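# Inside the fold
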Amino acid sequence: MAQPTYQTQPTDSPMWASEPFRVFFPLGILAAVLGAMLWPLFYWGVWTYAPHLQHPRIMMFGFGFAFVNGFLGTAWPRFLEAEALRRFEVLLLVSTWLAAQGCYLTNHLQAGDSIFAAHALALLVVLSCRLRPGKELPPPGFALAFFAVVIALAVSVFWATHPVDLSPTAWTMSKLFVWQGMLLFPLLGIGSYLFPRFFQMPGTRPLMPSARLRFIGVWLTGATITLSLVLEGLGYIRLGNAIRLVAMLFWAALATPAIWKAKATTTRAWGLRMAVGSIAASFLIRTLWPGPGYAIEHLLLIGGFGLALLLVADRVTMGHCAEPGTSSPARSIFWRWIVWLILLAATTRASADMKASLLISHHVYAALLWAGIVIAWLIQLAPMWWRRD
């Protein structure tokens, strides 16, 4: 049986607007570099603000959310067979995203959160306008990605209106929903549809369960992750991470069995398995050893989210921009280097919090290594972003 194909309705939108990943992926890399380099610049005396609040906002609301924009802005209309994004819609999203990052860089955090809330609201409106009664809905996991945008909106509004008087519990819980949930929901949700294709053998269908089982798996995963974030926010760190690990098992067993059943015959598939393994490992370690939170969290953020986002963006780029009839090579020395260097950056950053004498040096090494990795990735893929389908 042939796989279904999806396409947007014809519009007069330019290529960069109808496929906004071509704009948001490079912007996301810019944020990834700037957000990481704030720490070395601070230690070298160049940056005057201690970036402990700037850095995570730029990395999550900048780097992470730029990739969410690029993927959803491109894929959402296609799966709904709706109109592609218009020029003015993408310009609105880009301008509000840039304004928010500019506020974060200049340490105007409350203004940045306010503008980012407007950006997340604009994205929700843009996506919702493509929903039509009686029309086909996107795969079930896309709803989790939509929920992640709702989380970004809710937390940014909360931070913008409560910049000082947050209680420790409210601050911890809001951070958990942004630093973890905002990217975990779309990665696992969209991954239930996209990740099996990394393991697909030529001439065969991807290893995917029925739509009903995938629906159950995705929403059971989403509900379990939400519960785990609330529990950890209330102070139950071990329990919250243990439940999040169980949620990963639900997702792998019911929604995405290819991640553990299928053979990884390509470097990208192997890299994706390493990324998912890093996410699960971070939850397992914090279940057994909840103390060094920031250290182990970077195994999740760099080795899990960072690597997975780059792999998904590579897949989107190859699908839209590669020459007709070509496909990604099964073996890629470039991607093997990317995977190992990202894992090295994650462990280097984690080790910085393990010993006081290593804090500054390993913080700097990890930031420089991460910046070098994403710049190399950008150089590799950027020439394709302005190539027509």
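Just above sits the structure.
These notes cover the structure that comes with them. All chains use their own residue numbering, which begins from 1 and follows the written sequence. Whole-chain, interface and lining totals are the exception, using all residues; otherwise, since this is a predicted model, local features are given only for residues with pLDDT of at least 70 and side-chain atom pairs are given and counted only at 80 or more. Remark: hydrogens and water are excluded; side-chain values derive from all non-hydrogen atoms of the structure.

### Here's the deal with the overall build of the protein chain
Just so we agree on the cut-off: Starting at the N terminus, helices and strands are each numbered in turn, a helix being any DSSP run of H or I of at least four residues and a strand any DSSP run of E of at least two. Radius of gyration here uses only the C-alpha atoms, and the compact-globule reference equals 2.2 Å multiplied by the residue count raised to the power 0.38. Burial classes: relative accessible area under 20% of the type maximum marks a residue as buried, over 50% as exposed, and values in between as partly exposed (1.4 Å probe, protein chains only).
Scanning the protein chain from N- to C-terminus turns up 14 helices and zero strands. Along the protein chain, from the amino end to the carboxyl end, the secondary structure elements read α-α-α-α-α-α-α-α-α-α-α-α-α-α. The C-alpha atoms of the protein chain give 20 Å as radius of gyration, which agrees with the globular expectation for 389 residues (21 Å, within 12%). Projected onto its principal axes, the C-alpha coordinates of the protein chain cover approximately 60 × 45 × 40 Å. Counting every position in the protein chain, which comprises 389 residues, the buried fraction comes to 57%.

### So, the packing of aromatic side chains
Inclusion rule: Stacked, edge-to-face and tilted labels apply to pairs of Phe, Tyr and Trp rings (six-membered ring for Trp) whose centres lie within 6.5 Å, assigned for plane angles under 30 degrees, over 60, and everything in between, in that order.
If you walk through the whole model with that rule in mind, you get 28 aromatic pairs. With 6.4 Å between their ring centres and 65° between their planes, Phe 25 and Trp 385 make a pair best called edge-to-face. Here Phe 25 is found in helix 2 (residues 21-43), whereas its partner Trp 385 is found in the segment after helix 14 (359-381), with 360 residues between them in sequence. A residue is classified by how much of its surface remains accessible, and Trp 385, at 2% relative accessible area, is buried. Each ring, one from Phe 61 and one from Phe 116, has its centre 4.0 Å from the other, and the planes form 20°; the classification is stacked. Highlighted residues: Phe 61 in helix 3 (residues 54-80) and Phe 116 in helix 5 (residues 109-128), separated in sequence by 55 residues.

### Remarks on the environment of Pro 206
Structurally, Pro 206 can be placed in the loop between helix 7 (168-194) and helix 8 (211-233). Classification of Pro 206 by relative accessible area gives buried; the value is 11%. For the pair Pro 206 and Pro 383, spaced 177 residues apart in the sequence, the C-alpha separation amounts to 29 Å.

### Things to note about the pattern of salt bridges
What counts, and what does not: Salt bridges are identified by distance alone: a Lys or Arg side-chain nitrogen within 4 Å of an Asp or Glu carboxyl oxygen.
Following the criterion strictly, the structure yields 10 salt bridges and no others. A salt bridge links Arg 57 to Asp 113; the nearest nitrogen and oxygen atoms lie 3.0 Å apart. Here Arg 57, found in helix 3, pairs with Asp 113, found in helix 5; they are 56 residues apart in sequence, far enough to count as distant. Between Arg 130 and Glu 83 there is a salt bridge, with the nearest N and O atoms lying 4.0 Å from each other. Here the residue Arg 130 occupies a position in the loop between helix 5 and helix 6 (140-161), and Glu 83 occupies one in the loop between helix 3 and helix 4 (87-105), the gap between them amounting to 47 residues. Judged by relative accessible area, which is 6%, Arg 130 ranks as buried.

### Considerations on the environment of Ala 111
Here Ala 111 shows up in helix 5. According to the relative accessible area criterion, Ala 111 is partly exposed, its value standing at 34%. Along the chain, Ala 111 and Ala 160 lie 49 residues apart, while their C-alpha atoms are 7.1 Å from each other.

### Some points on the side chain of Ser 332
Let me state the cut-off plainly: Note on contacts: a residue pair is in contact if any heavy atoms of the two residues lie within 4.5 Å.
Along the chain, Ser 332 falls in the loop between helix 12 (293-321) and helix 13 (333-352). Residue classification places Ser 332 among the buried residues on the basis of a relative accessible area of 10%. Contact partners of Ser 332, with chain neighbours within four places excluded, come to Thr 267 and Arg 268.

### Observations regarding the nonpolar core
What counts here: Only buried Ala, Val, Leu, Ile, Met, Phe, Trp, Tyr and Cys residues count toward a nonpolar core, and they belong to the same one when joined by side-chain atoms within 4.5 Å.
Within the largest apolar cluster, 123 residues are counted, with the highest numbers of intra-cluster contacts made by Phe 67, Phe 71, Leu 72, Phe 195, Trp 370 and Trp 377. Sorting elements by how many residues they give to this core places helix 3 first, with 15 residues.

### A word on a nonpolar patch on the surface
Test applied: Each patch groups residues whose relative accessible area exceeds 30% and which form no salt bridge, using 9 Å between like charges and 5 Å between nonpolar side chains of Val, Leu, Ile, Met, Phe, Trp and Tyr. Here, Shrake-Rupley sampling with a 1.4 Å probe gives the accessible areas, and only protein chains in the shown set may cover a residue.
Together, Leu 213, Phe 215, Ile 216, Trp 219 and Leu 220 give the surface a local cluster of nonpolar side chains, amounting to about 410 Å² of exposed area. In this fold, Phe 215 is placed in helix 8. Judged by its relative accessible area of 46%, Phe 215 is partly exposed.

### Considerations on helix 5
To keep things clear, this is the line we draw: The span one expects for a helix is its residue count, reduced by one, times 1.5 Å.
Along its 20 residues, helix 5 runs 28 Å from first to last C-alpha, staying within 8% of the 28 Å computed at 1.5 Å per residue. Listing the buried residues of helix 5 in full gives Leu 109, Gly 112, Asp 113, Phe 116, Ala 117, His 119, Ala 120, Ala 122, Leu 123, Leu 124, Val 126 and Leu 127. Packed against the buried residues of helix 5 are helix 2, helix 3, helix 4 and helix 6.

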